Amino acid sequence: SAVISQKPSRDICQRGTSLTIQCQVDSQVTMMFWYRQQPGQSLTLIATANQGSEATYESGFVIDKFPISRPNLTFSTLTVSNMSPEDSSIYLCSVDREGTYNEQFFGPGTRLTVL
Amino acid sequence: SQQGEEDPQALSIQEGENATMNCSYKTSINNLQWYRQNSGRGLVHLILIRSNEREKHSGRLRVTLDTSKKSSSLLITASRAADTASYFCASGAGSYQLTFGKGTKLSVIP
């Protein structure tokens, strides 16, 4: 299994500012995923980050709002830009367990509150 | 895109009882997974069942899959207080992408 850490674990931010969330994996992985979980809701995939290429965004999410970096095979960042209270959510990164049917390992999440 | 639905949305049982959660999905899949989430933290993978399987066991967990009805169920036997969490099903359709259901919030009362 993969061990995934995220920083920060939580933050409270002001409207209009940006926050960068880091995701570190203890092994090299091809794909990393970023999800958003709004309060009391399920997980929604924001984008898939592959090393050496642009992230692939899902419908409803754009690069200007959620820029992603993937500088190597063990690390990725997600930035939430120009935040509004509607961005208050838990943001989770995950990695695909290679060689299996989609099984994913998740980080502990970053709980973001925007005032 | 497909969207899973779990029912019930919330379930409260006594310790020692069995808990059953159901999940439906909308399109063809090649696997169905169940995850647990404790208090808004990260998700933990519990069990995966492939589309050509009908039932799978892991410890106190039993998962069934009915592809004709596009539904799955998760049974937790002899529940414990530590099983208190939210449970999500997630369907995989052959690519890396998972589609998560809305979740069932389980409370196990000691």
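Scroll up to find the structure.
All of these numbers come straight from a predicted model, not from anything done at the bench.

Turning our eyes to something else, we now look at the interface of chain B and chain A. Counting residues at the interface gives 24 residues for chain B and 20 residues for chain A. Surface buried jointly by chain B and chain A totals about 1700 Å² across both partners, of which 54% is contributed by carbon and sulfur atoms. Broken down residue by residue, the surface that chain B buries against chain A is led by L43, Y96 and F100 of chain B, which jointly contribute 33%. One can count zero salt bridges joining chain B with chain A. Our count for the chain B to chain A interface comes out at six residue pairs in polar contact (both at pLDDT 80 or more). Elements that contribute at least two residues to the side of chain B that touches chain A include exactly β4 (31-37), β5 (43-50), β9 (85-92) and β10 (98-100) of chain B. A per-class count over the side of chain B that touches chain A returns eight nonpolar, 13 polar and three charged.

Attention now moves to unusual backbone geometry. Residues and elements named next belong to chain A. K7 connects to P8 through a cis peptide bond whose omega is -10 degrees. Here P8 lies in the loop between β1 (4-7) and β2 (10-13). A positive phi angle, close to 45 degrees, is found at N82, a residue other than glycine. Along the chain, the position of N82 falls in the loop between β8 (75-80) and β9 (89-96). Residue classification places N82 among the exposed positions, given a relative accessible area of 53%.

In this structure the tally under the stated criterion is seven aromatic pairs over all chains. Their ring planes at 45 degrees and their centres at 6.5 Å tell us that F66 of chain A and Y91 of chain A sit as a pair that is tilted. On the criterion of sequence distance, the pair formed by F66 of chain A in the loop between β6 (56-57) and β7 (68-72) and Y91 of chain A in strand β9 is long-range, its members being 25 residues apart. Residue class for F66 of chain A comes out buried when judged on its relative accessible area of 3%. Taking 5.6 Å as the distance between ring centres and 85 degrees as the angle between the ring planes, the aromatic pair formed by F106 of chain A and Y35 of chain B counts as edge-to-face.

Before going further, it helps to examine the sheet that holds β1 of chain A. Residue and element names in this part refer to chain A. What the four strands build is an open sheet, ordered β1-β3-β8-β7; its pairing is antiparallel. Of all strands in the sheet, those with a lone pairing partner are β1 and β7, marking the two edges. Between one strand axis and the next, the sheet turns by 15 degrees as a mean value, whatever way the strands run. Pairing of strand β3 (residues 19-25) with β8 involves six bridges; the strand directions are antiparallel.

What counts and what doesn't
Residues numbered from 1 in each chain as written. Chains lettered and ligands numbered in written order. Predicted model: local features only at pLDDT ≥ 70, side-chain atom pairs only at ≥ 80, totals over all residues. Heavy atoms only, no water. Contact = heavy atoms within 4.5 Å. Buried area = accessible area lost by both parts, 1.4 Å probe. Salt bridge = Lys/Arg side-chain N within 4 Å of Asp/Glu carboxyl O. Polar contact = N/O pair within 3.5 Å; in protein donor to acceptor, adjacent residues only side chain to side chain. Helix = DSSP H or I, 4+ residues; strand = E, 2+ residues; numbered from the N terminus. Nonpolar A, V, L, I, M, F, W, Y, C, P; charged D, E, K, R; others polar. Buried < 20%, exposed > 50% of the residue type's maximum accessible area, 1.4 Å probe, protein only. Phe/Tyr/Trp six-rings, centres within 6.5 Å; stacked < 30°, edge-to-face > 60°. Pairing = 2+ DSSP bridges. Axes fitted to C-alpha atoms, helices over the stretch in contact; angles between N-to-C directions.

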